[in-house]
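Examining the three-dimensional arrangement
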Amino acid sequence: MRFAPAPTGYLHLGSARTALFNYLAARSVGGAFLLRVEDTDLERSRPELVDVVYAALEWLGLDWDEAPIRQSARVEAHQEAVEDLLARGLAYWSDPVPEGDRERTGGRAYDPADRDRGLGPGAGRAVRFRVDPDATGATSVGWDDEIRGRIDFELANLEDFVLRRADGSPTFFVANAVDDAHMRVTDVIRGEDLINVTPKYLLLRSALGVASADLRFAHLPLIVNEQRKKLSKRRDDVSLLDYRDRGYLSEAMVNYLALLGWGPPDGEEVRFDPLGEFPAMFRIADVGESPAGFDVRKLRHVNAEHIRHLGVAHFAERARPYFAATPWADRYRDETFALVAGEVQTRVETLAEVPGYVDFLFLADPEVDEASWDAAFAGDAPTWLAAVAEGLAEWPWTSAELYERTMALAEELGASRKRFQAPLRVAVTGRRVGPPLFESMEVLGREETLRRVAAALDRAAETEAPGP
RNA sequence: GCCCCCAUCGUCCAGCGGCCUAGGACGCCUCCCUUUCAAGGAGGUAACACGGGUUCGAAUCCCGUUGGGGGUGCCA
């Protein structure tokens, strides 16, 4: 099995899923998972673009067997194949047909008449494969797809495709056929969008004398967006590594990607060690044939499950890089975060959300969310907060004590617990949503808490009696 | 236009001729728990595109229609 991405500067989500399924298929039968970089296009062979592919695969944990093959390093073999086909009359030199002159070729960009013109190399001239029923003795090509069953194409519907561009470079058709034979690929697992190049690939192999009888094909369903269209760079978030930056765990990503077109037979979707568990239960034939919609909400859920499954220390460790991206990164302290990490863990769905939950512990002053303020400080709230402030000055400073005493005070003043804690929460954290309040206060300390409460009280007074 | 693929809850996955009054998951809704928000617990909402066959019997097989998607590059 091989994964053959074209280096584009990022690893597409769909490619990542294809890589994963190749990996699972290989590991499930003890086969090899090979990597081949499809950089036949000069543009695509820049080393930094290739490194991105490796980095993405490594992040997912998809380790490949043997050294990766760069197609750009194998052009000689590709050229030889083209020469061979040319020599045997299975390929021919073809001139491009200009846009305005396509009426005579039935709208085609090439002229089939070139087949028998016996042209040689020339400026702007490419080499095309001669799709000729006589060459194979058959009028159609097809294969038994592992996922979809029989698929056939009439040769009459196939065009004479380009083998060598006018600039002399071989196309991916040749590179694919030649390299797959060279690498002894037994299973071709790729996206559904490649179904229609398969007949050309098959034709080429047989022209080159490579048997395809034992070759298995599996065409995976496409991953589509909400509009049911193939995920595209323009419209959708398709870069795998961007998900890492957005706070997704690689194991959650692998877990979710595997759920697109497939599912564990036992129905247990969330697996904390997908790469370890899935191979034993994966069968390529079980993969579905209809397009899979990418659902970020479900991805978030799977990610949240994986986050919660982490040990607190690991969670804190894996969240650390996300603090580095904040404006207050220099104020961050592992020791402080460790005190509330457990509480944050059950509340976030991605690691990127973590800093936003605890920023008030590190900021000199909490950033006040106006909507929260307005909601919390309505009615008797300022009076309540003032009452709490008095208690805060003398109560024992443990979360349990603070909780008990504050709630007792709420009852005394005839306020609901929920509404009573709101102004205190906003005063201390700046928001009405966050980790448990009294635990947070314990971490912050009496002095700082009192300072913030006093500041909030001042602000409330100003708001009520504006201006001197 | 031509070629190819697909068609079960809004979404993902089960179902592969009778076990289906169609199951699980995400989402959504309700309730419980509760110091906010989560997490957790208990319920609920919601689908076999349509029409013909085949069969004692069809979500499951066949054909058609409709719908959606992919391809149609001297990109891969």
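Structure shown above.
Presented here is an overview of the structure given in this document. (Residues numbered from 1 in each chain as written. Chains lettered and ligands numbered in written order. Predicted model: local features only at pLDDT ≥ 70, side-chain atom pairs only at ≥ 80, totals over all residues. Heavy atoms only, no water.)

The next subject is the protein's contact with RNA strand B. Neighbouring residues of RNA strand B: 59 residues in total, closest Arg-165, Lys-229, Thr-346, Tyr-403 and Gly-434. Sugar plus phosphate: this is where 72% of the atoms of RNA strand B within 4 Å of the protein reside. A distance of 2.6 Å separates a base oxygen of RNA strand B from a polar atom in the side chain of Arg-347. At 3.0 Å from a phosphate oxygen of RNA strand B is found a side-chain nitrogen or oxygen belonging to Lys-418. (Near = heavy atom within 4 Å. Polar contact = N/O pair within 3.5 Å; in protein donor to acceptor, adjacent residues only side chain to side chain.)

Right, let's get into helix 10 (residues 296-309). With 14 residues, helix 10 should reach 20 Å at 1.5 Å per residue; the first-to-last C-alpha distance of 20 Å fits that figure. Buried residues of helix 10: Leu-299, Val-302, Asn-303, Ala-304, His-306 and Ile-307, and no others. Contacts from the buried residues of helix 10 go to helix 7 (240-245), helix 8 (250-258), helix 11 (312-323) and helix 12 (334-345). (Helix = DSSP H or I, 4+ residues; strand = E, 2+ residues; numbered from the N terminus. Expected span 1.5 Å × (residues − 1). Buried < 20%, exposed > 50% of the residue type's maximum accessible area, 1.4 Å probe, protein only. Contact = heavy atoms within 4.5 Å.)

Going residue by residue along strand 2 (residues 34-37), you find Leu-34 and Arg-36 tucked away on one face and Leu-35 and Val-37 tucked away on the opposite face as well. Sheet topology note: the strand 1 (residues 2-3)/strand 2 ladder contains 2 bridges and is parallel. Residue pairing in the sheet places Phe-3 in a bridge with Leu-35 of strand 2. Considered for its hand, the β-α-β crossover made up of strand 1, helix 1 (residues 13-29) and strand 2 is right-handed. Bridge analysis of strand 2 against strand 3 (residues 69-70) gives 2 bridges, and the strand direction is parallel. (Pairing = 2+ DSSP bridges. Right-handed = clockwise from strand over helix to strand, strands pointing away.)

Another point: the sheet that holds strand 1. Whether parallel or antiparallel, the strands of a sheet pair through hydrogen bonds between backbone atoms. With parallel pairing, 3 strands are arranged side by side in an open sheet as 1-2-3. Sheet topology places strand 1 and strand 3 at the edges, where each strand pairs with a single neighbour. Sitting on the sheet, helix 5 (residues 172-182) touches strand 1, strand 2 and strand 3, and the angle it makes with strand 2 is about 150 degrees. (Axes fitted to C-alpha atoms, helices over the stretch in contact; angles between N-to-C directions.)

Now for the sheet that holds strand 5 (residues 126-129). If you trace the 3 strands from one edge of the open sheet to the other, you get 4-5-8, paired in antiparallel fashion. Strands at the two margins of the open sheet, each flanked by one partner only, are strand 4 (91-94) and strand 8 (162-164). The sheet shows a mean angle of 45 degrees between the axes of neighbouring strands, taken without regard to direction. Two elements, strand 5 and strand 8, share 2 bridges in a ladder whose sense is antiparallel. Each bridged residue has a counterpart across the sheet, and for Val-127 the counterpart in strand 8 is Arg-164. Helix 3 (residues 75-87) contacts strand 4, strand 5 and strand 8 of the sheet and is inclined by roughly 115 degrees relative to strand 8.

Let us look at the environment of Ala-91. Residue placement: Ala-91 occurs in strand 4. Assessed through its relative accessible area of 7%, Ala-91 is described here as buried. For Ala-91, the contacting residues outside a window of four places in its chain are Leu-85, Leu-86, Val-127, Arg-128, Phe-129, Arg-130 and Leu-163.

Moving on: unusual backbone geometry. Phi at Glu-66 takes a positive value of approximately 60 degrees, unusual for a residue other than glycine. In this structure, Arg-184 is a non-glycine residue whose phi angle is positive, near 55 degrees. Among the residues examined, Arg-184 registers a relative accessible area of 71% and is labelled exposed.

With that settled, the discussion passes to the pairing of strand 9 (residues 187-191). Strand 9 sits mainly inside the fold: 5 of its 5 residues count as buried. As judged from the 5 bridges shared by strand 9 and strand 10 (residues 216-220), these two strands associate in the parallel manner. Directly across from Asp-187, in strand 10, lies its bridge partner Arg-216. On the question of chirality, the crossover connecting strand 9 to the parallel strand 10 by way of helix 6 (residues 198-207) is right-handed.

Compared with an ideal rise of 1.5 Å per residue, which puts 13 residues at 18 Å, helix 3 spans 18 Å between its outermost C-alpha atoms and is within 8% of the ideal. Every buried residue belonging to helix 3 is among His-78, Ala-81, Val-82, Leu-85 and Leu-86, and all of these are buried. The buried residues of helix 3 occupy an angular sector of 135 degrees when the element is viewed end-on, so they sit on one face. Opposite the buried face of helix 3, by more than 90 degrees, sit the exposed residues Glu-76, Glu-80 and Ala-87. On its buried side, helix 3 packs onto strand 4, strand 5, strand 8, helix 5 and helix 6. Downstream of helix 3 by one or two residues, Gly-89 has phi in the positive range, about 75 degrees. (Arc of directions from axis to C-beta.)

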